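Coordinates in review
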Amino acid sequence: MLDIMPILKSLWRNKTGPLLIILQLSLTVAVVSTALFVVGERLENIGRPSGLAEEEIFRVWMRQSSSGADIEQIAKRDMEIIRAMPGVIDATPISYVPISGAGSSWLLFKSLEEKVTDFPSAIYEMSDHGLSTLGLELIEGRNFNANEIQYYERENTPEQSITIITKDLANKLFPDDSAVGKVIYMGNMQLTIVGIVERLMGPWPDAEFATSSAILPDIVKENSLNYLVRADRNQRDAVMHSVVEKLRSIDSTRLIVDEKSIAQIKRETYSSDYAMIKILSLVIFLLVFVNALGIVGLTTFWVNQRRKQIGIRRALGSTKAGVMRYFMVENVVLVVFAAVIGTMIAYVNSSYMVRTHGMSLLPIEYVVITVLFLLLVTMLAAYLPIRKAAQISPVVAVANV
Amino acid sequence: MIETHALRDFNLEVKEGEFVAVTGPSGSGKTTFLNIAGLLETFEQGQYLLDGQDVSRLSDNVRSKLRNEKIGFIFQGFNLISDLNIFDNVDVPLRYRGFSAAERKKRILNALEMVGLASRARHLPSQLSGGQQQRVAIARALAGEPKFLLADEPTGNLDTLMARQVMEMLEDINKNGMTIVMVTHDPDLARRANRNIQIVDGQVTDFKIYESYVDSDSARNADVASANKSATQTI
């Protein structure tokens, strides 16, 4: 039998301390559940599948110093050498690197005349080795053929080409039937869709069209060249090192600006999310820690203040376990009140954020998890002082203090 | 650890319905006797028979249960719980006993009625006089229908008038058949009991039986027997 009523009455008669602790716990419930929600959203954001074999790919970015170099020839030669290297699975030149924060996007249209409905999309240019290098899953249609890869100067953009698009983009463009074989427009360039991949994230993961991407079989002849290389996961960094060495040895005049794994690029792109997660985790930890200290302090204070009362209760027949249960229930009561108030605060805040910042409403799971966790921390924090309380001898009741 | 013998060659038998006063100067072992008789403390040697049961070597939990069921405590400082009102104070031992809410309520109101404080059930202890508080404590002690009342200087914190009222109440309760063991240093108070035990240096040195004590049934079994032989107290 849990003696809730006498405990409530007793708390009410000494309400200042308990109310302060309830307030502290409530704010903690509100702040921690909201912070957990934000952390959860960020983690989910980071964890979204990109469609890439993220752990296996690295990028090498070079700048050709000699003007007038034949980029087509250089790229083809480099590719041949890189693909032959041990540990390399495949490689491709690419215009921009996915999830890197730098890229190209266009508004695509379904006809040249009707330009009211546009379809924003990330545009990647790569070779017929692109799909296998990036690890993309072709779900419909076909890959590019080697003879379809066009090398051209930016000013000599061809009037038509073919494209492979993501499933999301295909569903937006042609929700009712297959996109393969359909024609779309990128500026004046006519693109025939030849294939659809399951997924390829754009360069900007936070963009609304992050899942809409189109791949063109082109390599623009520019002095700045990006290669993506896919290597065996366990040898990735070693392969990256030897590829860079190899490229340097082939042509010592060109500058290798940067080499980096996609995993690293992704970490950099999401650095603000990671920073937010770290800060909020620290806030959560500190709040919970401060609350634990508060509970230790308050419980110790109460136990010391009520030594005589505990002795009387023991004399009147309470067991040691009964004393412990009394104080445990007392702490549970505090947490229950705090849970109710904290939930209200959290939802007042959350609905405000929904209205003003377009955030989604705090899911109740986060509040429940926070309350349960706080309950556990409270019990652990109160345990030692409560154990001490149980050791108080019933003889204390007799002593005339 | 120093081993001291707070009580030696101490033998006391209290019969059901008796009103026994235990006196003695401070440091005589009176408090040790009280703690042992009240099952508040353990002792090393000797035997304590309570209601025919050997309660000398019991676990803390069992002793808690026995205190709750068989002993009604009345303390010098009343020892009411200040956060709880009169009703809830009397309720404390009954809750440990595990009575139903209805049973507890009946017992509480009866007990408060008996000490004349039923109308004060919702008052806090601080709103009552010392004498009234001690009567609440008596109600709390009686509500569980214990085997005996163990009173520790029950009038020590009261003025003369209130002390007399409380004493008369204890006498009434005893006349109704309740066994009372009262520890006091006050010889005048002790004289009002049926029997006086004096403890000096941990030993029973003297006891007097007053005329007012009439054992209506001397053949009755000894119901409350306190530590005989030597009780060794370890400090």
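Worth saying up front: this structure is predicted, and the values here are computed from it rather than measured.

What about the interface of chain B and chain A?
Contact with chain B, which involves 26 residues of that partner, is made by 24 residues of chain A. Each partner contributes to the roughly 2400 Å² buried at the junction of chain B and chain A, and carbon and sulfur atoms together form 55% of this total. For the pair chain B and chain A, the number of links is two salt bridges. Measuring nitrogen to oxygen at the nearest pair gives 2.6 Å for the salt bridge that ties Asp60(B) to Arg314(A). Here chain B is connected to chain A by 11 residue pairs in polar contact (both at pLDDT 80 or more). Contributing elements (two or more residues each) for the side of chain B that touches chain A: helix 1 (30-37), helix 2 (60-70) and helix 3 (86-97) of chain B. Split into classes, the residues belonging to the side of chain B that touches chain A amount to 11 nonpolar, seven polar and eight charged.

Let's talk about the environment of Glu198(A)
Residues and elements named next belong to chain A. Tracing the sequence through the fold places Glu198 in the loop between strand 9 (189-197) and strand 10 (213-216). C-alpha of Glu198 to C-alpha of Ala339: the two residues are 141 residues apart in sequence and 44 Å apart in space. Not counting the four nearest positions on each side in its chain, Glu198 is found in contact with Glu137, Ile139 and Lys167. In terms of polar contacts, Glu198 uses its side chain to reach the side chain of Lys167, at 2.8 Å.

Points about the nonpolar core
Counting residues in each nonpolar core, the largest one holds 95 residues, and the members touching the most others are Ile82(A), Tyr227(A), Val243(A) and Phe327(A). The element contributing the most residues to this core is helix 10 (residues 320-357) of chain A, with 12 residues. A domain split of this core shows at least three residues from each of domain 1 (4-47 + 272-397) and domain 2 (65-253) of chain A. One finds Ile74(B), Phe99(B), Leu117(B) and Ile173(B) within the second-largest nonpolar core, a separate group that totals 39 residues.

Focus on the confidence of the model for chain B
On average, residues of chain B score 83 in pLDDT, and 85% of them reach the 70 mark or higher. Within the model, the stretch residues 211-235 of chain B combines pLDDT values under 50 with 78 contacts to residues more than four positions away or in other chains.

Examining the environment of Gln198(B)
Mapped onto the elements, Gln198(B) comes out in strand 9 (residues 195-200). Residues Gln198(B) and Thr184(B), spaced 14 residues apart in sequence, show a C-alpha to C-alpha distance of 9.9 Å.

Some words on the sheet that holds strand 1 (residues 57-63) of chain A
All names here are of chain A. Overall, antiparallel pairing links the four strands, which are arranged 2-12-1-13 in an open sheet. Both edges of this open sheet fall to strand 2 (88-93) and strand 13 (255-261), since each of them pairs with a single strand only. Strand after strand, the sheet turns through a mean of 20 degrees between neighbouring axes, direction not considered. For strand 2 and strand 12 (residues 224-231), the ladder comprises five bridges, and the chain directions are antiparallel. Of the residues in strand 12, the one forming a bridge with Thr92 is Leu228. Running at roughly 170 degrees to strand 2, helix 3 (residues 71-84) makes contact with strand 2 and strand 12 of the sheet. The strands that helix 7 (residues 262-269) touches are strand 1, strand 12 and strand 13; relative to strand 13, the one it contacts most, it runs at about 85 degrees.

Description of the packing of aromatic side chains
All names here are of chain A. The final tally for this structure, using the stated rule, is five aromatic pairs over all chains. Residues Tyr326 and Phe327 carry aromatic rings whose centres are separated by 5.6 Å and whose planes lie at 75 degrees to one another, so their mutual orientation is edge-to-face. We note that Tyr326, like Phe327, is buried. The side chain of Lys15 reaches across the aromatic face of Trp12, ending 4.5 Å from its centre.

Regarding the side chain of Gln132(B)
Among the secondary structure elements, Gln132(B) is positioned in helix 5 (residues 130-143). The exposure class of Gln132(B) is buried, given its relative accessible area of 16%.

The rules behind these values
Residues numbered from 1 in each chain as written. Chains lettered and ligands numbered in written order. Predicted model: local features only at pLDDT ≥ 70, side-chain atom pairs only at ≥ 80, totals over all residues. Heavy atoms only, no water. Contact = heavy atoms within 4.5 Å. Buried area = accessible area lost by both parts, 1.4 Å probe. Salt bridge = Lys/Arg side-chain N within 4 Å of Asp/Glu carboxyl O. Polar contact = N/O pair within 3.5 Å; in protein donor to acceptor, adjacent residues only side chain to side chain. Helix = DSSP H or I, 4+ residues; strand = E, 2+ residues; numbered from the N terminus. Nonpolar A, V, L, I, M, F, W, Y, C, P; charged D, E, K, R; others polar. Core = buried A, V, L, I, M, F, W, Y, C linked by side-chain atoms within 4.5 Å. Buried < 20%, exposed > 50% of the residue type's maximum accessible area, 1.4 Å probe, protein only. Domains from an automatic or database assignment. pLDDT = per-residue confidence, 0-100. Pairing = 2+ DSSP bridges. Axes fitted to C-alpha atoms, helices over the stretch in contact; angles between N-to-C directions. Phe/Tyr/Trp six-rings, centres within 6.5 Å; stacked < 30°, edge-to-face > 60°. Lys NZ or Arg CZ within 6 Å of the ring centre and 35° of its normal.

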